[in-house]
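This is what each chain is made of:
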Amino acid sequence: MVHGVAGAAPGELLGDPRTVRVTGDSTAAVFRRTEDADAEAHPERYAGRPVPEAYCWSRLTSGNGARALWLLLLPFMVANLAHWARPATPAADPAPHAVRTYGVLVRILALSLTVLLIAAACEVALDLLAWQCGGSGSCAGARFRSWLGFLAPGAGWWAQPGRRLALGALVPAALTGLLWYLSNRTWSAYESQPPPAGAADPDTASDPEPALGRPGFWYGRRLVARLRAAHTAAGLLTVAVAVSVPTARHDRGVGTPVLAALGTLTQVLLAAGAVAVVSVVCRRGRTEARPDHRLDRAAVTLLPGAALALLAAVLVHACWSRPDWTATGRLPGDLTFGVLMLGQGLCVLALAAVARHLYRKAPDPATALYGFGGPAVAMLGCALGGVMSGGVAQRVADWLDGGATPGTPGAPLPGPPVLLSWQAAVLPPLLLVLALLAGWFAVLGARARGRLAAAVAAEYPGEAPDLARSRRIAGARTAAALTDSAPWFVAAVSGITLVLGAGALAGAWSSGKVPGEAARGTLPLLEAAARAAQDAGSWLIGLGIAAFIAWGRRAYRDPAARRTIGILWDVGTFWPRAAHPFAPPCYAERAVPDLTWRMAGWTGRTGGHLVISGHSQGSVLAAAAVWQLPSPARRRVALLTYGSPLGRLYGRWFASYFGPGQLTALHREVDCWRNLWRATDPIGGPALPGAEPDVDRGPLADPLAYGRSARHPLPAPILGHSDYQADPAFAAERDALLARLDAAARAEVPGQRVADAVSKERAGPAAPAAPADPPGTAG
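Anyway, here's the lowdown on the structure attached to this text.

What to know about the overall build of the chain
Assigned secondary structure in the chain consists of 27 helices and seven strands. Long-range pairs, those at least 24 residues apart, make up 79% of the contacts in the chain between residues at least 6 apart in sequence. Surface accessibility of the chain: about 31100 Å² in total, with carbon and sulfur atoms responsible for 65%.

Some thoughts on a nonpolar patch on the surface
Among the surface-exposed residues, Leu335, Val339, Leu342, Leu346, Leu349 and Trp509 lie close enough to one another that they form a single nonpolar patch of about 600 Å² accessible area. The biggest single contributor to the nonpolar patch is helix H11 (residues 333–361), with five residues. Relative to the assigned elements, Trp509 resides in helix H16 (residues 486–511). By relative accessible area, Trp509 is classed as partly exposed at 46%.

Here's the deal with the pattern of salt bridges
Summed over all chains, the structure comprises 21 salt bridges. With a shortest N-O distance of 2.6 Å, Arg598 and Glu53 are connected by a salt bridge. Here the residue Arg598 occupies a position in helix H20 (residues 588–606), and Glu53 occupies one in the loop between strand E2 (29–33) and strand E3 (54–56), the gap between them amounting to 545 residues. For the residue pair Arg598 and Glu53, the accessibility class agrees, reading buried in each case. Among the salt bridges present, the one from Glu733 reaches Arg697, with a minimum N-O distance of 3.1 Å. Pair noted here: Glu733 is in helix H26 (residues 728–748) and Arg697 is in strand E7 (residues 696–700), with a separation of 36 residues, a long-range link. Relative accessible area serves as the criterion here: at 11%, Glu733 is assigned to the buried category.

Observations regarding the environment of Pro375
Secondary-structure assignment places Pro375 in helix H12 (residues 373–401). Note on Pro375: relative accessible area 5%, which makes it buried.

Some details on the side chain of Arg163
By the element assignment, Arg163 lies in helix H6 (residues 161–168). A distance of 2.9 Å separates the side chain of Arg163 from the backbone oxygen of Cys319, its partner in a polar contact. Contacts of Arg163, omitting those with residues within four sequence positions, involve Trp157, Trp158, Ala318, Cys319, Trp320 and Ser321.

Describing the pairing of strand E4 (residues 610–615)
The element E4 is extensively covered by neighbouring structure, given that six of its six residues are classed as buried. Because side chains alternate across E4, one face comprises the buried residues Leu610, Ile612 and Gly614, and the other comprises Val611, Ser613 and His615, equally buried. Relative to strand E5 (residues 637–642), E4 runs parallel, the two sharing six bridges. Note that in E5 the partner of Leu610 across the bridge is Val637.

What to know about the nonpolar core
It is characteristic of soluble globular proteins that their nonpolar side chains tend to be buried jointly. In this structure, Phe574, Trp575, Leu621, Phe658 and Trp673 are the most contacted members of the largest nonpolar core, which totals 80 residues. Among the elements that make up this core, the one with the highest residue count is helix H21 (residues 617–628) (eight residues). Those residues in contact with Trp673, other than ones at most four positions away along the chain, are Leu639, Thr641, Leu646, Leu663, Leu666, His667, Ala687, Leu688, Asp694 and Val695. Listed in part, the 66 residues of the second largest apolar core include Val124, Leu126, Ala307 and Leu419.

Overview of the packing of aromatic side chains
Enumeration according to the criterion identifies 26 aromatic pairs in this entry. With a centroid separation of 5.0 Å and an interplanar angle of 20°, the aromatic rings of Trp84 and Trp575 are classed as stacked. Of the two residues, Trp84 is situated in helix H3 (residues 74–84) and Trp575 in the loop between helix H19 (559–572) and H20; the sequence distance between them amounts to 491 residues. Each member of the pair, Trp84 together with Trp575, is buried.

Describing the sheet that holds E3
Pairing is antiparallel in the open sheet, where three strands are placed in the order E1-E2-E3. With one partner strand each, in any of the chains shown, strand E1 (19–24) and E3 form the two edges of the open sheet. In this sheet, adjacent strand axes meet at a mean angle of 35° when their direction is disregarded. Taken together, the three bridges between E2 and E3 define a ladder with antiparallel strand orientation. Paired with Phe31 across the bridge in E3 is Ala54. Each of E1, E2 and E3 is contacted by H20, which is oriented at about 155° to E3, the strand it contacts most.

Points about the packing of helix H4 (residues 96–133) against helix H9 (residues 257–282)
The interhelical angle for the contact between H4 and H9, taken along N-to-C directions, is 135°, at an axis separation of 9 Å. By the angle class used here, H4 and H9 are oblique. Between H4 and H9 lies a crossing of right-handed hand. Residues Arg100, Val104, Arg107, Ile108 and Leu111 of H4 touch H9, and the partners they reach there are Val277, Val278, Val281 and Cys282.

Considerations on unusual backbone geometry
Across the junction of Gly698 and Pro699, the peptide omega takes the value 0°, indicating a cis bond. For Pro699, the location among the structural elements is in strand E7. A cis amide bond links Asp702 to the next residue, Pro703, at an omega of 5°. One non-glycine residue with positive phi stands out, namely Ser616, at about 60°. Topologically, Ser616 is positioned in the loop between E4 and H21. Positive phi, close to 55°, is recorded for Asp723, a residue that is not glycine. Tracing the chain through its elements places Asp723 in the loop between E7 and H26.

A closer look at the side chain of Arg734
Examined against the element boundaries, Arg734 turns out to sit in helix H26. Among the polar contacts listed, one links the side chain of Arg734 to the side chain of Asp735, at a separation of 3.5 Å.

A closer look at the packing of H4 against H6
Axis separation between H4 and H6 bottoms out at 9 Å; the angle between their running directions is 145°. Considering how the two elements wind past one another, H4 and H6 form a crossing that is right-handed. Touching Ala125, Leu126, Ala130 and Trp131 of H4 are Pro161, Arg164, Leu165 and Gly168, all from H6.

Some words on the sheet that holds E5
If you trace the four strands from one edge of the open sheet to the other, you get E4-E5-E6-E7, paired in parallel fashion. The open sheet has two edge strands with one neighbour each: E4 and E7. Strand after strand, the sheet turns through a mean of 10° between neighbouring axes, direction not considered. Summarising the sheet, E5 and strand E6 (residues 672–678) pair through five bridges and their orientation is parallel. By the bridge assignment for E6, Tyr642 is matched with Leu676. With respect to the sheet, H21 is in contact with E4 and E5, its orientation differing from that of E4 by roughly 145°.

A short note on the pairing of E6
Counting buried residues along E6, six of its seven residues qualify, which places the element largely inside the surrounding structure. Alignment of E6 against E7, held across three bridges, turns out to be parallel. Each bridged residue has a counterpart across the sheet, and for Arg678 the counterpart in E7 is Leu700.

Conventions used here
- Residues numbered from 1 in each chain as written.
- Predicted model: local features only at pLDDT ≥ 70, side-chain atom pairs only at ≥ 80, totals over all residues.
- Heavy atoms only, no water.
- Helix = DSSP H or I, 4+ residues; strand = E, 2+ residues; numbered from the N terminus.
- Contact = heavy atoms within 4.5 Å.
- Areas by Shrake-Rupley, 256 points an atom, 1.4 Å probe, with all protein chains shown as cover.
- Patch = residues over 30% accessible without salt bridge, like charges linked within 9 Å, V, L, I, M, F, W, Y side chains within 5 Å.
- Salt bridge = Lys/Arg side-chain N within 4 Å of Asp/Glu carboxyl O.
- Buried < 20%, exposed > 50% of the residue type's maximum accessible area, 1.4 Å probe, protein only.
- Polar contact = N/O pair within 3.5 Å; in protein donor to acceptor, adjacent residues only side chain to side chain.
- Pairing = 2+ DSSP bridges.
- Core = buried A, V, L, I, M, F, W, Y, C linked by side-chain atoms within 4.5 Å.
- Phe/Tyr/Trp six-rings, centres within 6.5 Å; stacked < 30°, edge-to-face > 60°.
- Axes fitted to C-alpha atoms, helices over the stretch in contact; angles between N-to-C directions.
- Parallel < 35°, antiparallel > 145°, perpendicular 65-115°, else oblique.
- Left-handed = near helix turned anticlockwise from the far one by under 90°.

Quick look at the structure:
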């Protein structure tokens, strides 16, 4: 059995506190009950009954307190999801050029997020601290900023602007190095896990082979290494540009021929490096037909090394003595952030056009947002990146300015680029619209609950109606049904963000002033609203960032909070890092090969049959692992899923990989598949509604009893997403699958009844009625 996202101890899964690790390590492993450790050596003990095993994988994402720092990588993770939210294409017309264009656009968008993050770090370290505050004696010499006093004019060797910029550049360069280190470390543990030899052999696989069944799908070693090198180089080049542009501008202005020539040469080399980075990112990304063990040594080694050497040359050039250079105004960041924002918006629109083209080839109303799910998710990633990066700059500027407002007359410092103030100003209107949307959905939910409550009691014959009880049950069902409305909420947020972002960009470029100053002299109400939005937005961004830091700090110390954050990553990092190498690592690139190795090795060694069961996200891992099996082994497997998001979430948002066609093919290739679901479950649902009626069983009764009775003297809880194994339907379906496999084993190899019985529930649900996940968790 494979647990869900919240995880569970092996003893809880197997219904026995005495367990032993069969294979694996401290991160992810397969467990048995201690009494079953040598089951293969004594098959006579297991005549007519299976041997349960549990695969525990929760430490892949939530086992380490340092994983809470992955919250800072949320925009990268969201952008990576946009790659996988591509609409499905028909087998007869796969549109390879459009698919490739879609992938290139997402990778370019992901690259822009890396540049945005490093540019924001440059804005804080180079512009606000080294250039503006370091160039002002009143700022650098203030009481609470005395540690910056050595940068003040006339303070010493570091007082020259170029040297201050070179010193400040170490901060974003170190951030780039940290991202490279984290990606490289997780790359060794996740993407470098090879699949079993012969798994999902292309020569014997079904035609056409589903994408998740390709041998190289869960082996992203080469791609992530190449993207990591490109993004690392992009970060270092961004830092180099931030130092080189003001330095070269000064050298050309004062007429220093040698220094000006060196500055021009470095900028030419920077442009060449940028072209090299973009070309590497735009190359065909993933090789899935077969495992690709090669690495692009030139790109992986030379690209970041050359960028680092170029950055060092720029810093040395900036440190050259320029006694006549004084720092005034702000660094040219307005154009940088404006171009990034404009480019991201155009890229999202182009992505929407390609997605619409792909959707028209294979229209499916069940697909999220009629094919626009990927562009909507990409827009959210850009918005998160802009808010997080701009918010840090806003809060640092407010701290440096003391009681003044950055960008207003009389402020001691010019402050951050005007565009960042406009981005902060659009946040209150965005939150207001979101509050109205939430209120609208709440009203619709209340009406739906009233309608459902009138019919709940009739589902429990012989029970006396209880309005309060009916309303609680109807409320649980209504809340669970909100999951089906999530795509439209995402669409509304993305569309409003796009419109407000365009307005912020237009306002910043047309006025060149912060919103409060741009509205000065207009209608009093408009002027007051602009200033209030600017101030409120800045504080809201600051509070949001503080909440992120506090949440991460709590998760580092509190295991319960750490598990909650781990759930977010379990859902968001199932997919490989195909677009952004600095996103949190894909745990499935370890978990799916683990399960595939276990099932393929056991069936190949014994020729037995097995049931693999999965709850919640564990059902997604189970299905992905079954897809990876060779076709003969796949026919020896039965699949039992419960509380599964395969059809309800993955099938809608990731139609190219979990669409109805792919899931139907999976059902036809395994021995048997049963899926249990409840109407009160906000995550699980039917896997193949209508297409394969013998797969889904549900909705199951929840609660099991309406009121108190002789059989149920205590109130029955509403289980929702948890405790599926406590439902009698679970035991009935499990026993039916075991009986089916037992009959198949007897017909296949007469006389081997005992040996086959040992194998029936290798990874399956033979445990007593123990919950797959603790009550109240999500999958």
